Amino acid sequence: MRTNAALCRASALLHRLRPSRPSIVVCNWRPSLPATRHVQTQNNNFAKSEMAHKLLMIPGPVEFDSEVLSAMATPATGHVDPTFIAKFGSSLEMLRSVFYAPTGQPFVIAGSGTLTWDATAANLVEPGDNVLVVNTGVFGDWFAECISVYGGAVDSVGAAFGDRPTLAQIETALKAKKYKLITVTHVDTSSGVLNNIDEICALVKRVSPETLIALDGVCSVGAEVIKQDEWGIDVVMTGSQKALGVPPGLAVMVVSKRALDVALNRKSAPSTYFASFKKWLPIMQKYEARQPSYFATPPVQLILALHVALTQLVAAQTTLEARFSEHRAASKRVKDTLESWGLKIVPVRRECAANTLTAVYYPQGVTGAEFLPKVAAKGVLLAGGLHPEHAAKYFRVGHMNVSVMHGALNGHLDSTLNAIKAALQECGHKF
């Protein structure tokens, strides 16, 4: 076996020495391991998968730009490499532009968007602190659970599935007691509901200005309008794999000076180590100053990919406002088309429907077990329902990042809608 492996490596070397033949190096030898090894290619090209790629149109991860993926394929790079330090520092600066937070402190940490919940709760909530959760679905439930783990006394204000709490409900809750923190899920992907965060912020500032505001923007940052400084949001959280357009693995957040002061001057002992603002703040500051620093090894290739994605966002010919408009237009197209086929979307009104995904009920006589595999057979992957009380009743279509911004070129929305229509026809749905 070792001899065969050595022959393969020698064959690959000979191919690299022949500039006239930059083709894929193929070797038929396979080690006797459970998983099939993929063949490596030259010139930093990705290995060709033995499984054909299906168009990923779920509410995240999303399809990625080729330049972002190329950044993921760079050679091994140290976290104190001057080039990496410069790109990490630049990424932190660009995040302020994307979040509309010129005075905010960005944090980029290895982890999913859920880690930003832990960071928010562990740094800002002390045992016994009152926290109000504006709940529009499963992610509101889970954020409330996260806060309770850190000792927060949680109250939730909610609405029927597909709707959002009214401003009057939130105001009544805020007047009932003093809250240390209010959390809002901007887009809850379990329901497809969009919260009116600008109006909620104005309400909080009027009724309870001392209350910190935290926004779960995992499925909204980069696609829905968020003006963190202007609206007075203290923490905005997201993950890399949705509208920012980077593969999963980065927890991204921007924190206000007010929230940092609360975290750094808490009365009780810190309740987290890895997610501590106190630990990460000097690291972020050093990288932004283009100086090496270390607390935990950052995911270098993911941050290089983030730098590419943010550069595209900030330096694009179109403005961020135009990007938001493109996402609104794509959302309208998908929802209008599905409704014209007799389907009903989950959000009860268009004004509370997210622009990054569409949650839609199956038509009568169609089930997810029948419908979703038929769509997948046409090369498109959609998501089923997520809310435990309604999961079997609806499916979800993601539409963000390159599937929207490059839609005229890649045809992602066309392919998705065509696949949905064909699958519905096969299921017997009458248009």
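It should be emphasised that the depicted structure is a prediction, and the values quoted were computed from it without experimental measurement.

Turning to the overall build of the chain, a few remarks are in order. Regarding its fold elements, the chain presents 16 helices and 14 strands. Buried positions account for 52% of the 431 residues belonging to the chain. Counting every atom, the chain has about 19,200 Å² of accessible surface; 55% of that belongs to carbon and sulfur.

So, on to the side chain of Ser 208. Tracing the sequence through the fold places Ser 208 in the loop between helix 7 (197–207) and strand 8 (212–216). Since its relative accessible area comes to 1%, Ser 208 is described here as buried. A polar side-chain atom of Ser 208 sits 2.5 Å from a polar atom in the side chain of Thr 211. Look past the residues within four positions of Ser 208 in its chain and what remains in contact with it is Leu 174 and Leu 203.

All right, on to the nonpolar core then. Counting 84 residues, the largest nonpolar core has Phe 99, Phe 107, Val 108, Ile 170, Ile 233 and Phe 277 as the members making the most contacts within it. Per-element accounting of this core gives the leading share, nine residues, to helix 11 (residues 300–314). Setting aside anything within four residues of it in sequence, one finds Val 108 in contact with Phe 88, Leu 92, Leu 95, Leu 250, Ala 251, Val 252, Met 284, Ile 303 and Leu 306. Grouped together as the second largest cluster of nonpolar side chains are 24 residues, Tyr 362, Val 380, Leu 382 and Ala 423 included.

With that settled, the discussion passes to the sheet that holds strand 11 (residues 357–361). Strands sit in the order 11-14-13 across an open sheet of three strands; the sheet is antiparallel. Where the open sheet ends on each side, the last strands, each with one partner, are strand 11 and strand 13 (383–384). As paired elements, strand 13 and strand 14 (residues 394–398) share two bridges and run antiparallel to each other. Directly across from Gly 384, in strand 14, lies its bridge partner Phe 395.

What follows is about helix 9 (residues 257–264). Residues of helix 9 that are buried: Ala 259, Leu 260 and Ala 263. Taken down its axis, helix 9 places every buried residue within 100° of arc, on the same side. Structurally, helix 9 contributes buried residues whose contacts are with strand 2 (105–110), helix 4 (113–124), strand 8, strand 9 (235–239), strand 10 (250–255) and helix 10 (277–288).

What follows deals with the packing of aromatic side chains. Overall, the coordinates contain 16 aromatic pairs when judged by the stated rule. Measuring from centroid to centroid gives 6.0 Å for Phe 84 and Tyr 287, while their planes differ by 80°, and the two rings are edge-to-face. One end of the pair, Phe 84, is in helix 3 (residues 82–98); the other, Tyr 287, is in helix 10, and 203 residues separate them in sequence. For the pair formed by Phe 84 and Tyr 287, the shared burial category is buried.

This prediction gives the chain a mean pLDDT of 90; 87% of its residues lie at or above 70. Averaged pLDDT values for the elements of the chain fall to 39 in helix 1 (residues 2–16) and rise to 99 in strand 8. When the criterion is pLDDT under 50, residues 1–47 qualifies, and its contacts beyond four places in sequence or with other chains add up to 41 contacts.

Before going further, it helps to examine the pattern of salt bridges. Taken as a whole, this structure holds 18 salt bridges when the rule is applied. Note that Lys 175 is salt-bridged to Glu 171, the shortest N-O span being 2.8 Å. Of the two residues, Lys 175 and Glu 171 are both situated in helix 6 (residues 167–176); the distance of four residues between them amounts to about one turn of the helix. We note a salt bridge from Lys 178 to Glu 210, for which the minimum N-O separation is 3.0 Å. You can see Lys 178 sitting in the loop between helix 6 and strand 5 (181–185) and its partner Glu 210 sitting in the loop between helix 7 and strand 8, a full 32 residues away along the chain. Sharing partners across several salt bridges, the network here consists of Asp 163, Arg 164, Arg 349 and Glu 351.

Procedures and definitions
Residue indices follow the written sequence of each chain, beginning from 1 at its first position. Per-residue local features of the predicted model are confined to residues with pLDDT of at least 70, and side-chain atom pairs are confined, for both listing and counting, to 80 or more; whole-chain, interface and lining totals are unaffected and use all residues. The basis for the side-chain values is all heavy atoms of the structure; hydrogens and waters are excluded. Secondary structure is summarised from DSSP: a helix means a run of H or I of at least four residues, a strand means a run of E of at least two, and numbering begins at the N terminus for each. We call a residue buried when its accessible area falls under 20% of the maximum for its residue type, exposed when it is over 50%, and partly exposed in between, using a 1.4 Å probe and counting protein chains only. Reported accessibility uses the Shrake-Rupley method at a 1.4 Å probe radius. Residues are deemed covered only where the shown protein chains occlude them. Definition of a polar contact: a pair of N or O atoms within 3.5 Å, with one able to donate and the other able to accept a hydrogen when the atoms are protein atoms, and with sequence-neighbouring residues admitted only if both atoms are side-chain atoms. In this analysis, two residues are considered to be in contact whenever any of their non-hydrogen atoms come within 4.5 Å of each other. Only buried residues count toward a nonpolar core. Its members are Ala, Val, Leu, Ile, Met, Phe, Trp, Tyr and Cys residues joined through side-chain atoms within 4.5 Å. In this description, strands pair whenever DSSP reports at least two bridges between them. By construction, the arc corresponds to the directions joining the helix axis to the C-beta atoms. Aromatic pairing here means that ring centres of Phe, Tyr or Trp (its six-membered ring) are within 6.5 Å. Orientation follows from the plane angle: under 30 degrees is stacked, over 60 is edge-to-face, and everything else is tilted. Summary of the metric used: pLDDT quantifies the predictor's per-residue confidence within the range 0 to 100. Only one rule defines a salt bridge in this text: a Lys or Arg side-chain nitrogen within 4 Å of an Asp or Glu carboxyl oxygen.

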